[in-house]
Structures are given as structure tokens and as C-alpha cells.
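# Geometric and topological summary
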Amino acid sequence: MSAALSIENLGKRFGVGRPAVDGVSFDVPAGEIVVLLGPSGCGKTTTLRCVAGLEHPTGGRISIGGRVVSEPERGLLVSPRERDIGMVFQSYAVWPHMTVRQNVAYPLKHRRKSRGGDINAKVNETLELVGLADYADRPVVSLSGGQMQRVALARSLVYRPQLLLLDEPLSNLDAKLRLRLRDELRRILKQTGMTGLYVTHDQAEAVVLGDRIGVMRDGHLLQMAPPGEIYNRPADAFVANFTGASNVLRGKVLARSGETATIDLGGVGRIEAWTPQPLSAGDQARIALRAENVRLGERAERNVFSARVLERRYQGTQTVYDLELGGQRLEALELGTAARHDPNAEIPLTLPPEMCWAYRDEGQSLD
Amino acid sequence: MTATNAAALPVADSVERPTRGWATPLWVGALLIILAFLVIYPLAMLFFGALSDSNPVVDGFGAFRPSIARFLEVLGNENVHLAFFNALLACGGGTALAVLIGLFFSWIVVRTDTPGRRFIAGASMVPLFVPPLVAGVAWSILGSPKTGLLNIALKWLGIDFRFDFYSMSGLILVFGIYYAPYVYMFTSSALRNMDPSLEEASEVAGASAFTTLFTVTFPLIAPAILAGMLLSFVVMLGIYGVPAALGAPANINVLTTYIFKLTAWSPPLYNTAAAVAILLMVVTAIMVWAQQKVLSGKSFATVAGKAFRPRSLNLGSWRWFTFALALVYLFIVVVLPTIALVIAAFRKFLFFKDFDAVFDTKAYSLVHFNAVFDNPLTMLSIWNTLKVGVITALVGGALAFAIGYTVNRTHVPGRKLIDLLATVPVAIPGLVVGVAYLWAWIGLPGGLYGTIWILALAFVARFMPDTVKALSTSFLQIHRELEEAAWICGRGLLGTIGTIVLPLARPGVVASMTLLFVLAIRELGSSLFLYTSDTTVMAVLLLDYYEGGNTGKTAAFSLVQTVILAVLLGLTNWLSRGSAQGSARVG
Ligand SMILES: Nc1ncnc2c1ncn2[C@@H]1O[C@H](COP(=O)(O)OP(=O)(O)OP(=O)(O)O)[C@@H](O)[C@H]1O
Ligand SMILES: [Mg+2]
């Protein structure tokens, strides 16, 4: 049955250059779905393939269900077929020379420790689960992309592996189908109680599917937390920016108490912000803030400012404002079909302290 | 030996060409007449010959009484059956072996981390350049039952086993190892184009590497395997040199050697030879057709335009095993035959008291080379070969350019027919072309027979499909707009071709002329029937030496021929590369 995955200090280096995966550690308890999220080339696929055994790690340790499957320091490497895992590929990788049924039955026929039982019954049950019961005897090539991906899913679920790995399984599908299959995928994974490791660069997918999300960049795991925490308490300026907090205000730290920092924004005064970092007075800081969290026209108790509207972009169900706040740019979003503020107007606004996240400003890029 | 499918190439819509009223029909007519002269007339004569007991040209049409009965009588002959059966057995067995070797090599090169893969990939193509007769000669020196070098070595080692390459199994073995590259070419590119996650999915699902290979990999590249199989079968079927060298001593005739034997009898049985040639041609045509069918069918494994990260299986220490196997293959096809030829060519007598005698330097000398070059025919044959090569390259290249341009770049009526006629020879083995040309020209007084030209024209016809195909590809790379710009600037058709098309297509033209030249200088099958003592060529003279029974002279001339081929190959390659670079600046 499904088992826990544990990764400690995983490293993978291809030839020369910086490592594709560097010091990544996390655990996935049995039955949980963890999503690895990050920009292209950050090492998500490489991590996943190391877990599958399709790539040979150069450092660290991977254990599945308590059994160590890879530990290069000790020369230990278990081949993919002995790891008892299932994998769904971005390109589906269904075998075009077989029917749907043959594809799904293949693992049951060729696994060494097949758990006995009626192959046909298991195949039918799994096809039922993914909604392909009526297509069992069709050649795979006659199916649509979405149906092929269901076949791939059925093929990796049919033998109930301990762990299911999915590498951008929805990225080859069109937008509408992607939404539908995304929700269905979560239902199926939860229904089977499968432990899952899912790779994507699509935030919406990550939030819907993941019990926890790990954000990666340049081979490092920056933060691993439930979606709500990733979105409301990003550990790092990159995570904040990657998940959509695109506003950045710069200033100088005046004081910090616990997780609250007071920062001087220059001419417009001081701002209070949440910070996960041990900032100290005198540090340069940057404050990340989502456009949705700017309260236009509101005067709360703290962090009240006045800004000038530079430009207004009406988008039907929402309006985007470009604001100027003490010489710095700020983008704000207002929901609703009516735009309430005019260009060049001077308007009050509140930046809620728990929605302003301060990080040390080291001049690093966020892309 | 790949077919042209110029008809399937997309022809872009063009602006209406300004054509003068009489120019188009004249041009199309001229091309059709030339093709009829090169292809249709000899083939028709071959058919007439097969259906009668006379040659209508020699004996006049009065004596020509066609009857299908004669043809059937030939087909009913048990010697023909035997040759047919032997051909199927030798080529079938050879193909099976070629598939094994070709598949194994493409797997090693594309899918594993075997050391020296690129070198192995390059070196395993070498057999393609070895003339079949030279390979046959080398293996007869190595594996003849009594005096073969291998057997002498075995005796010295005290092993009680003797090779006999003068046998069906020897024939199969030599066919298999020398024609494996044809299979390799198809399967390696299919493997390279196959999404590696198809195999990874199988591995993750719990199948062993072996199971994966047989349930996923091979079924997915089955079309490529089949295409390579059919091609190598067709090529083997048309080869004369190997069965002549290895089959003849054991009295094993295949179709090609049997056909030649019929014409060598006295009186020569030309009509019977023509009938058997048609049998050979029909079998070949069916195979070529099947191969085209397979190639044009939808292939599972290849996804056009998608780049895959190459997957290379980590073989661990097994990679030294695969590396060693590759070296063994290269040793068998390249090193061993070369050693054999060198020893035989430089030794005064090919007799060894014991194995140590191999290293006795006193036994080596240049006598055989002196003998070869004392023979006036030797220099004549080299000279003739070069002449035929140059004529074939120039005439064939020019004709292919005209055909390629007409078929791919114009909309003149009749271009489909031109394309079809130019493609027909793909299904005709070289030997059959030779027989057909013999039939067509032997009786015409003051005609082509007995000149260099008949050889050159036969080669032009035989290799036309390959040349046209090579050229068509380069036409497709020239943008139509460049040509149209010249039109609009007021250039005439010939002016446009001369100033725009020809310079831009030059690398393609040079490359296909080079190809023609190389193919022509090593061709044996069609020369066999067309040479006379004045027009003998290297390949034919080598066969003479071999059949004369002097191994030393045969080996010496084999080496001479191989060196000349290698030098010419290098030279033409260098020339065409220089030309390609020269025009890179234009395009
Ligand atoms: N086989 C390989 N050989 C060399 N470099 C590789 C190989 N596989 C991956 N890399 C490199 O490792 C880095 C991480 O690649 P990886 O495929 O894991 O990225 P990814 O996060 O999955 O990106 P994407 O979202 O584009 O799929 C990249 O810089 C890539 O170029
Ligand atoms: Mg990826």
C-alpha cells in the first residue's frame, strides 16, 4: 500500500556546471500529495526522476516506505522496477502498438512480484476509476490527448504502487480539459489513498492538487508548506514573487520585534510588515505585496498612505491601477465591474501589515 | 538503392510561367525520348528476349515469334528453381543475420553508454564502401576449406575445427556482416526519434530491460526494422561479387551467378538469361514496392520535430562487454579481410607449412604487384574505369538535373510520366540492367556495343533514381521566391536557371555527381555483360583474376582497387565539400 517518501540532502550534477538538484530535503507522509513547483529548469523533473530511479543521484539519500532506494555514498541504487512506484509522464508515454486494455494490463503481466488475482478484474476496476470503461478495447492511438493521459494514469495505478510520481501530466492538454482533469486527478488520488509527488510549473494546479507545495529554484528547495502558507507566509522574496506578489517597495529597517518589522519608506513615512527573516535596524529591505491585497480608498489603523493614480486599466470584471507611492510604483487590483478611481486622483489606501512581507534586500534578481 | 519519391514532394504553386508555344512540348518530348532510350527500349528488348528464342534486332522481326510458353519453360527448369531457392536462402539468411547485427549496433550506439559509441557508429558503416567482390575474395582467402588462413591458424592452435566459406553458410555469413549497415541506418534513426519515456514507462511498471526491449522498443521500431530488412534483402539479391567468389567453388548458384553462367556458355543462352533476369527483376520489384509501402505508412515511434533528451542506459561494467563485441565485429569485417588481402598479395606462395611461416619475411615480395602491372589490361582497366566514372557522372548529373528541375519546379504536362520513368530502374538489379543493355545493343552494327559509352549509359540508367532523389532534395531547399525574383527582373527561363538555380543548387549537383562517380567506378553487375577486351573495367578484371585462380594476383589487384577507390572517395568528398562551402555564402 501507499508508503512514505523521504528525501535527504538530494544532489544531482550533470557533467560540469552547477548541479541540477542541490541539497533538497523533504518528506511525504503516506497518503499525502506533495507538489513541486518552480520555473522552467529549476530541477523539478530531475528530482522526480531521481526518486523514480531513472536518473542516478550524485548525493543524498532517498527512501520509500522506509527502504533506502538510493544512496550514492554507499553505492546503493535500486532499479526503477524494484521501487514499486508508478509514474505518469508529460508525453503520456502510452504504448501506441497496444489497446487501452493491453496498456493497463502490462504492469500486472510483467511485474516480478505481481500480487496475483484476476488481471482482467483489476484492469476493469481501474478503467472504471479513470472513466475509460467503455474504451477498453480501443487502440490507444484512436484516443484523444485527455483520454491517453487517463490511460497513463490507469496504467500507473492498476498495481497500486507505494508511490505515484507525476511529471506535468496535464501540460499537454488544452486549458478547459486541464481544469477538469485537475480536479478529477485529486479525487482519484485521494480515493485510492495514494502517496503522490507531482511536478508542475502551474500555480493553480499546485494549489488545487497539493496537500503541500514545495517551491524550487536553481536546484534548491526554498519552501515546503501547505498552499495557504505558501500564499500568505512566503519564506523568501522569490517565493513571494513567483506566487504572484509582484509589487516591491524598498526601504530601510528601523526596528523589528518578533515577526514584525518597521520600515522607513522614505518621504511617505513608515510601514509595518511581517517578516520571516531576522532583520535588524539599518538593513535594506524589500517589501513584497500582492496587487489584490492593496485596499484602495480605505483608511485602517495602520499602514495608511496616500497615492496618486498614474494609469487605470479597466478589464471588465476588475480594474488594475498603476499608483505612485512616494516615488515608488505600486500596482493595485480592484474587483467589480465599476472603476471607482480616476487617473491623476490622489487617493488614500491601506496596506494591511500581515499582507506586507519584508525580506532582506541583497539586490538579488527574482526571475 | 533507395527509391525516389519525387512525385510525393510538395510542389509549390508558382506564378504562371511565360512559355513559348513550342518550347515546352519540345523539352518534355526530348526528356521522354531520352528516358525511353535509356530505360524503356532495353527493358522492352529484355521482355522480347525472354519471350522468344531469337533477338529481333539480330535476326530481324521475321524470326521473332513471341510465346509465353518459352518463358514458362524456363521458369519450370529445375536449375532455375535451384538458383531461385539458393538466392532466397542466402539472402534470407543474410538478412536475418544483418537484422541481428544492425539492431544490436543501433541499440549500443543510441541507447547505451558503451565507450567509443561515435567511433563505432562511423566504423560500422565501412562495409558499405567495400566492393562485394573484394569482400568475397578476402573471405575466400580467409575461409577456403583447405588453404584458408583461418583454418591454418586453427590447425596451429590445435583446434579440430575447420571453416568452409565455400558454402551456403559462408555466403550467409558474409552477406549478413557486410549488409548489416543497411538495417542499422534505418533502425538507429528510428530509435533516435523514439520518445525515451515509452521505454522508461515500461521500466517503472516493473518490466526488465530485456522484456522492455522485446515488448516495447522493437515493436515500436518494427516498420524501420522491416524497411531495413527489405532493403538489405533487395541489395543482396542483386549482388554478383560475393556469390561468385564464395558460391561458385562449391557449385552454389544464386540467380545472379546463374544468369551470368547462362551467357557464358557456348553458345550463350541469351534468351534463357533474359527470362531468369525477369524473374529476378520481379522479385526485386515486389520487395522495393513493399519497402516503399512500409516507409510511407504511419510510424508509431517517430514524432516529427520533437527533440528528445537522449536516453542512455547505464550498463555498468557490461559496457565493456558491448564495447568488446563492437570491436570484434569491426575486426571481422574490416581488419581480418584487410590482413588476409595484404598477406596474400605480398606472399610469393600462399602456402604455409605452419603458422610461424606467416611471419617469415623472406616469403614476402612484390611479385604479384609486378605481375599485375605487367599485364597491359590492368592500366587499361583503371583508365577505362575512370573514363566511365567521369562520363557517368557528367551525363547522369546533367540528365538528373534536367529531370529534377522539370519534375519539381515546373508544371509542364508529362512531368509525372518523366518522374515515373526515371524511378523505374530502382526495381532493376544491376545485373538485369546489364542483360537488358546487352539485348538492346548487341546486334546493332556500329552501335554502342563495345564502347565505353554503353557502360556509362547503363550506369546512368541504373543509378538515375538515386541521383534524381539526391538532386530533388536540394531543389526543395531553394526558395521559389529567389527564382521568381529573377523572372520578374525579366530573365528568361534559361537565364534564370543559369544565374539563380544552378549556382544555388551547385552543392546538390556536385554531391549527386560525386555519388554517381563513386557508384559507377565500383559497379560490377551491369558491367559483366557489356565490356569487351578494349573496354574492360577494374571490377571485371578483378573477377578475371579471381576466376583465373591466381590468389596472389587477385589479392594484389584487390588492394590496388581498394586504394584507388579510397583515394577517389576522399578526393571527391573533399571536392564536393569545398563546393558546398563555396556556395554557402551565396545562400
Ligand atoms: N540529461 C541531462 N543532461 C544535462 N543536463 C540536464 C539533463 N537533465 C536536466 N539537465 C539540466 O538540469 C536542470 C534542471 O532540469 P529539469 O528538467 O529538472 O528542469 P524542470 O524544473 O523540470 O524544468 P521544466 O519545467 O522546463 O520541465 C536544467 O538546467 C537542465 O538543463
Ligand atoms: Mg520538467
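Check the entry above for the structure.
Report follows, based on the coordinates. (Residues numbered from 1 in each chain as written. Chains lettered and ligands numbered in written order. Predicted model: local features only at pLDDT ≥ 70, side-chain atom pairs only at ≥ 80, totals over all residues. Heavy atoms only, no water.)

A separate point is the overall build of chain A. Broken down by element type, chain A carries 8 helices and 21 strands. Projected onto its principal axes, the C-alpha positions of chain A cover 75 × 50 × 35 Å. Put simply, chain A has 367 residues, and 52% of those count as buried. For chain A, the share of sequence-separated contacts (at least 6 apart) that also reach a separation of at least 24 residues comes to 67%. Approximately 15,400 Å² of chain A is accessible, and the part contributed by carbon and sulfur atoms is 47%. Of the charged side chains in chain A, 46 are positive and 43 negative; the average position of the first set lies 5 Å away from that of the second. (Helix = DSSP H or I, 4+ residues; strand = E, 2+ residues; numbered from the N terminus. Buried < 20%, exposed > 50% of the residue type's maximum accessible area, 1.4 Å probe, protein only. Contact = heavy atoms within 4.5 Å. Areas by Shrake-Rupley, 256 points an atom, 1.4 Å probe, with all protein chains shown as cover. Lys, Arg positive; Asp, Glu negative; His and termini not counted. Charge placed at Lys NZ, Arg CZ, Asp CG, Glu CD.)

With that out of the way, let us pick up unusual backbone geometry. All names here are of chain A. Phi is positive for Tyr92, which is not a glycine, with a value near 65°. Mapped onto the fold, Tyr92 is located in the loop between strand E7 (85–88) and helix H2 (100–110). Residue Asn303 is not a glycine yet carries a positive backbone phi of 55°.

Here we come to the sheet that holds strand E4 (residues 59–64) of chain A. Residue and element names in this part refer to chain A. With respect to topology, 5 strands assemble into an open sheet ordered E2-E1-E4-E5-E6, the strand pairing being antiparallel. Each having just a single partner strand, strand E2 (21–28) and strand E6 (76–77) make up the two edges of the open sheet. Looking at chain direction, E4 and strand E5 (residues 67–71) are connected through 3 bridges and run antiparallel. Note that in E5 the partner of Ser63 across the bridge is Val68. Running over the sheet, helix H1 (residues 44–52) touches strand E1 (5–12), E2 and E4 and is turned about 120° from E1. (Pairing = 2+ DSSP bridges. Axes fitted to C-alpha atoms, helices over the stretch in contact; angles between N-to-C directions.)

All right, on to the sheet that holds strand E18 (residues 318–325) of chain A then. Across a sheet, strands are paired by hydrogen bonds formed along the backbone, either parallel or antiparallel in direction. Residues and elements named next belong to chain A. Taken in spatial order, the 5 strands make up an open sheet running E16-E20-E17-E18-E19, and their pairing is antiparallel. Of all the strands in the sheet, the pair left with one neighbour each is strand E16 (295–296) and strand E19 (328–335). Where E18 and E19 come together, 8 bridges link them in antiparallel fashion. In the strand pairing of E19, Gln318 is matched with Leu335.

Attention now moves to the interface of chain B and chain A. Accessible area lost upon the coming together of the parts is a frequently used measure of interface size. Every contact between the two is made by 20 residues of chain B and, on the other side, 24 residues of chain A. Here chain B meets chain A over a buried area of about 1,800 Å², counting both sides, of which 65% is carbon and sulfur. Here Arg49 of chain A ties to Glu200 of chain B by a salt bridge, and the two come within 2.8 Å at their closest N and O atoms. Run the count over chain B and chain A and you get 8 residue pairs in polar contact (both at pLDDT 80 or more). Among the secondary structure elements, those contributing two or more residues to the side of chain B that touches chain A are helix H9 (197–204) and helix H10 (209–220) of chain B. Top element by residues in the side of chain B that touches chain A is H9 of chain B. It accounts for 7 residues. Looking at the side of chain B that touches chain A residue by residue, the classes come out as 9 nonpolar, 8 polar and 3 charged. (Buried area = accessible area lost by both parts, 1.4 Å probe. Salt bridge = Lys/Arg side-chain N within 4 Å of Asp/Glu carboxyl O. Polar contact = N/O pair within 3.5 Å; in protein donor to acceptor, adjacent residues only side chain to side chain. Nonpolar A, V, L, I, M, F, W, Y, C, P; charged D, E, K, R; others polar.)

Take a probe with the size of a water molecule and roll it over the atoms, and the empty space left behind shows itself. The full count for this structure, using the stated rule, is 6 cavities of 30 Å³ or more. A volume near 90 Å³ is recorded for the largest cavity. Lining the largest cavity are Val88, Val130, Gln149, Arg150, Leu153, Leu166, Pro169, Leu170, Leu181, Glu184, Leu185 and Ile188 of chain A. Sorting elements by how many residues they give to the lining of the largest cavity places helix H5 (residues 175–192) of chain A first, with 4 residues. Grouping the constituent residues of the lining of the largest cavity by class yields 9 nonpolar, 1 polar and 2 charged. Lining the second largest cavity are Leu38, Val39, Pro42, Leu43, Pro425, Ile428, Val432, Val433, Ala436, Tyr437, Ala461 and Arg462 of chain B. (1 Å grid on protein atoms, 1.4 Å probe; cavity = no way out; pocket = protein on both sides within 12 Å on 5 of 7 lines; lining within 4 Å. Points joined across faces, edges and corners; volume = space filled by probe spheres on them.)

Residues and elements named next belong to chain A. Counting buried positions over the 6 residues of E4 gives 5, a clear majority of the element. Judged from the 5 bridges that link them, E1 and E4 form a sheet pairing that is antiparallel. Note that in E4 the partner of Ile7 across the bridge is Ile62. Here E4 folds back onto E5 in antiparallel fashion, the turn holding 2 residues, of which Gly65 has a positive phi close to 55°.

What follows deals with the nonpolar core. Formed by 268 residues in total, the largest nonpolar core has its most connected members in Leu46, Trp139, Ile403 and Tyr437 of chain B. Examining the composition of this core, we find that 15 residues originate from one element, helix H8 (residues 168–192) of chain B, more than from any other. If near-sequence neighbours (up to four positions away) are discounted, Trp139 of chain B is found in contact with Ser144, Leu150, Phe165, Val174, Ile177, Tyr178, Leu246, Ile332, Leu336 and Pro337 of chain B. If you look at the next biggest cluster of nonpolar residues, it comprises 27 residues, including Leu249, Ala261, Leu296 and Leu351 of chain A. (Core = buried A, V, L, I, M, F, W, Y, C linked by side-chain atoms within 4.5 Å.)

Residue and element names in this part refer to chain B. For the pair helix H1 (residues 23–50) and helix H18 (residues 415–423), interaxial distance at closest approach is 10 Å and the crossing angle is 20°. In this view, H1 runs roughly parallel relative to H18, as classed from their interaxial angle. When the axes of H1 and H18 are compared, the crossing they make is left-handed. Where H1 abuts H18, its residues Val28, Leu31, Leu32, Leu35, Val39 and Ile40 lie against Leu417, Ile418, Leu421 and Ala422. Partitioned by chemical class, the residues of the contact of H1 with H18 number 10 nonpolar, no polar and no charged. (Parallel < 35°, antiparallel > 145°, perpendicular 65-115°, else oblique. Left-handed = near helix turned anticlockwise from the far one by under 90°.)

All names here are of chain B. Where H1 contacts helix H17 (residues 376–409), the two axes come as close as 11 Å, and the packing angle between them is 130°. As summarised for this structure, H1 and H17 are arranged oblique, according to the angle between their axes. Of the two elements, H1 crosses H17, and the hand of that crossing is left-handed. Every residue of H17 that contacts H1 at Trp27, Leu31, Ile34, Leu35 and Leu38 is listed here: Leu399, Ala402, Ile403 and Thr406.

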